[in-house]
Amino acid sequence: MISKSLALKVLNECLATGGDYAEVYVEETTNQSVELENGKVNSSSESKSYGVGIRILNGFKSVYGYTSDTTQSSLMNLAHSLAASYNGARTITVEKIAKKRVNNINKIDDHLIDVPVEEKIAYLKECTEAAQAVDQRIVRVVANFSNSHREWELFNAEGPVGNQINNTEERGRMFLLAMAVGEGGKIETGTTRPGRYDGWHWFKEIDYKGKSRRAAEIAIQSLTADECPSGVYPVVITNGWGGVLFHEACGHPLESSATSKKQSVFSESIGKQIASKLVSAYDDGTLPNEWGSNNIDSEGVKTRKNCLIKDGICKGFMVDRLNGRRLGMEPNGTCRRESYKYEPTSRMSNTYIAAGKDDPEQIIKDTKLGIYVNDFGGGSVNPMTGEFNFSASEAYIIRDGKICEPVRGCTLIGSGSEVLMNIDRVGNDVDLGQGNCGAASGSVPVNVGQPTLRISAMTVGGRGGKLE
Amino acid sequence: MKVAKFFELAKANGIEECQLTISKSKTTGFSIFHSELEGFQISDDISIKACGVVNGKLGSSSTQKDGKGCFEFLVEGILKSAKISEKEGEASIFPGSKKYHKKNVFNPELGNTPIEDKIKTALSLEKEILAYDSRISEVTAIQYEEKETVSEIYNSHGLKLKDKGNYFIMYAGAAAKDGDKVKENYEISYGTSLSTYNKDEFIKNLCDGVLAKFGADACNSGKYPTVLKNSVFASLANYFIHSTIAEEVQRGSSFLAGKLGTKIASTKITISEKPLLPNIFFSYFDDEGVAKENKDIVKNGVLKTYLYNTETAKVDGVESTGNGAYAGGRLATSYSNIYIKGGKATFDEMISGVKEGVYITEIQGLGTGMNPRSGDFSCQAQGFMIEDGKVTKPLTLITLSGNLFKMLNEVSGFDNNEKLTLSSIICSDILVKQMSIGGK
């Protein structure tokens, strides 16, 4: 994408003032998107994101710059301006660049970028019809398919021999929103949003019509659901997307961008118990073709399966090169960024609580009075205090071991360390759900995941008074 | 860039009329951690968007790859997306407004101040924060960024518009420790001139804010008269403004459909859009090149207008209100400088009659806790109790819930504590008769 000889010049310009690591990240991404409103194409677009990001590290310091002008003079200028932040003498001269082979663990034969837009439109029409057929009160269905094809190239060096790494990332996602209107003009919605680092066949093979129908059913169900009660109750959380709880309450505070500066509740937790003994958790960027997977990370380190918690004991963090220096830990393939416009840092990929031994149905059966959460809208967390909140988009009351009436407007709040300790049942049905996670280095695709699990006591916020 | 070449190429490819938008930005920023310059960032970026009409349908495309092949990519993109569009109605490119209220808000002095001076300012800020109180244990981060933007619009009818702006933003986070309890707070300052940054007030807000959180607990669940801090009210009000977007109304997604000219809020509520205020959100034309004007959206509780682009205006048979925005290949709607009229009372005067109430200073999770269509919301909150007209003990791990539209009908009043938030809303602290608080 840029020549090796130019990369060599730029890296050496970067390292002229004492920097001990430099990298040049070149990216060209094509994004395609098509959206239907009530079955008719409302918009479509093809756009190109293109530019270069340059980073120079010096001990615990980093400088970062980017530009969409990739000419030699522009890149040399940027490197020079960035290097001017350091005032030392050169310690590294890069003499040559060697190409590093990247093992492709996310094989794709039927690239989404080659699929004619007419085929995507036909697919989305089927999704729309499935949702519309659920009930006459479904007045609006928005169906979108978007996919990205990213080619990137990284040149980096921390010694006389630099590396050249080339990688391709391809992801696609379907999104459907069904809107229902009820009595008095009341409006409720349901969504489905499956995504994957894969080809067109996957989207055709999943039960896309069933998922679309389900989105419409949720919208209809919410029209008549009661307000969620408030108070402290046992909460059973569904598998798959339910793992957003772990992502927020535990995943973010285990990123080294938080732990390396002692700005996380888990900064000093390695080797200590931070969760119930039933909990083991991993961040695994190597799951083939999963939404959050990658062949290699943004600073050229191979992705891997990192153990975060084993039987309740904290075992590790997501570590990138810079924060790893503060921690005295090796980077473990978790450095990510949204695009060349973001300085990369440690982020989650596919992060999940591992399967336990319980039959999920038995967990419900053993709950006398509580809340069952089947879908979350999302949530956020303060990594320093561990306080979080989630909003449930689909929830029910559990009475005498049975899932009963649906409730709406349900928020779960608490602190990560407490909730993790309060997990008292873990199912054997681990699954993953797709999300986009926004943090310092932008929005990146992540899978959250878990089996069905129960939290013995959790604060539930809603407007429906006390649960009886 | 030779824009004439683009229009020639578009014409030769059967694009009837078209528009080209070029946005350039330059940023410089740095971060301080534990008395050291920890990070430094610079950038220089361009984005080129094009849209055009083919057989009455709108097509669009965008790229950041300037140079050879750029115009070909854009023209091909327009042709492709126009071809598959099933949107009803004849699309057109807005030729231009009769009059534009151009102002120069660009402040050259900001960029001319050497970055070294700004770093020094930030380093001394860190020292002063730490010295404020012995319980302030750490300055978790200081970040500074300044940005220069230039946006240009050209169309095939000969329109040429250019707007240039700049701003700075300063962020500091602090943590305080008391025994084994750690609390956090942050403060942000922004503007077009560093002279608007008031260091003493910045430090006081940051430090008083974090120290006040010690001893925080949940209150009893119930309904309370509730004061929302201006920044909290702005976050909620943003969803209200969103439901005045004509596109939402026309497709039945807005609670405000069919309510034009009717009373939809307390008579105490007056909301205007003032895009021409000379602040960091100033702009005098929208993405379609329509001249922006100041206007009332809600006056004394009565809904006066929806927000239109040229496409949604055509549907209702009105003029665009200058709120057009191209986003993700389609013509959408946006707004800036929403001004919600405040009151005359001070904060203390406003709460003097509240016997037992709640003062909400922060909320989290509204993005997922708000149903923007029904206005129902529930989110995590922090704040204070109000007892006998005074702010008393701090609150944490509580939830604030209610209905946005109902809330705007139950307004007791505002104080005069006006703030421009980063969501481009200017508003004061508000007292609402009753809201649901979930706690113990």
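Everything below is about the structure shown above.
Bear in mind the structure is a predicted one, so any value in this text is a computation, not a measurement. Residue indices begin from 1 for each chain and proceed along its sequence in written order. Labels are handed out in written order, letters beginning with A for the chains and numbers beginning with 1 for the ligands. At least 70 in pLDDT is required for a residue's local features to be given in this predicted model, at least 80 for side-chain atom pairs to be given and counted, and no such filter applies to totals for whole chains, interfaces and linings, which use all residues. Where side-chain values are given, they derive from all heavy atoms of the structure, hydrogens and water being excluded.

**Some words on unusual backbone geometry**
All names here are of chain B. Condition: Strands are runs of DSSP state E lasting at least 2 residues, helices are runs of H or I lasting at least 4, and numbering of each runs from the N terminus. Relative accessible area decides the class of each residue, using a 1.4 Å probe on protein chains only: under 20% of the type maximum gives buried, over 50% gives exposed, and in between gives partly exposed.
Residues other than glycine seldom take positive phi values, yet His34 does so here, at roughly 50°. Structurally, His34 is set in the loop between β1 (17-33) and β2 (36-54). One non-glycine residue, Leu397, adopts positive backbone phi at about 50°. Relative to the helices and strands, Leu397 is located in strand β16 (residues 390-403). Residue classification places Leu397 among the partly exposed positions, given a relative accessible area of 28%.

**Observations regarding the side chain of Arg336 of chain A**
Residue and element names in this part refer to chain A. How we decide: Here the positive residues are Lys and Arg and the negative ones are Asp and Glu; neither His nor the chain ends is included. A carboxyl oxygen of Asp or Glu within 4 Å of a side-chain nitrogen of Lys or Arg is what we treat as a salt bridge. Two N or O atoms form a polar contact when they lie within 3.5 Å of each other; inside protein one atom must be a possible hydrogen donor and the other a possible acceptor, and for residues adjacent in sequence the pair counts only when both atoms belong to side chains. Any two residues whose heavy atoms approach within 4.5 Å at even a single point are treated as in contact.
Along the polypeptide, Arg336 turns up in strand β14 (residues 335-336). Among buried charged residues, Arg336 stands out as having no salt bridge; its nearest opposite-charge side chain is Glu169, 5.6 Å away. Within polar-contact distance, the side chain of Arg336 engages the backbone oxygen of Met348 at 2.8 Å. Beyond its immediate sequence surroundings of up to four residues, Arg336 is in contact with Arg171, Gly292, Ser298, Pro344, Thr345, Arg347, Met348, Ser349, Ser441, Val444, Pro445 and Val446.

**Concerning the pattern of salt bridges**
Inspection of every chain in the model, using the stated rule, returns 47 salt bridges over all chains. For Lys341 of chain A, the salt bridge goes to Asp45 of chain B, with nearest N and O atoms at 2.7 Å. Of this pair, Lys341 of chain A sits in the loop between β14 and β15 (345-346) while Asp45 of chain B sits in strand β2, each in a different chain. Residue Asp45 of chain B is classed as buried on the basis of its relative accessible area of 5%. The partner of Arg251 of chain B in a salt bridge is Glu248 of chain B, with the nearest N and O atoms 2.9 Å apart. Under the relative-accessibility criterion, Glu248 of chain B is labelled buried at 12%. Connected through shared salt-bridge partners, Glu23, Arg55, Glu158, Glu299, Arg321 and Arg337 of chain A make up one network.

**Observations regarding helix α2 (residues 72-83) of chain A**
Rules: By this rule, a helix spans an expected 1.5 Å times one less than how many residues it contains. Starting at the helix axis, one direction is taken to each C-beta atom, and the arc is that of these directions.
The first and last C-alpha atoms of α2 of chain A sit 16 Å apart over twelve residues, in line with the 16 Å expected at 1.5 Å per residue. Within the sequence span of α2 of chain A, burial applies to Ser74, Leu75, Leu78, Ala79, Leu82 and Ala83 of chain A. An end-on view of α2 of chain A places all buried positions within 160° of arc, on one side of the element. In α2 of chain A, the exposed positions that point more than 90 degrees away from the buried face belong to Ser73 and Asn77 of chain A. Looking at the packing, one finds that the buried side of α2 of chain A touches α1 (4-14), β2 (40-58) and β3 (61-67) of chain A together with β2 of chain B.

**A few points about the sheet that holds strand β12 (residues 305-310) of chain A**
All names here are of chain A. Put simply, the test is: Here the rule is simple: two strands pair whenever DSSP picks up at least two bridges between them. Lines fitted to the C-alpha atoms define the axes, with helices restricted to the stretch that makes contact. Angles between their N-to-C directions range from 0 to 180 degrees.
The mixed open sheet is built from six strands, whose spatial order is β13-β12-β11-β16-β23-β22. Every other strand in the sheet has two partners, leaving β13 (313-314) and β22 (431-439) as the edge strands with one partner each. As paired elements, β22 and strand β23 (residues 442-450) share nine bridges and run antiparallel to each other. Of the residues in β23, the one forming a bridge with Gly438 is Ser443. Relative to β23, helix α6 (residues 244-251) is tilted by about 115°, and along the sheet it contacts β11 (281-284), β12, β16 (350-353), β22 and β23.

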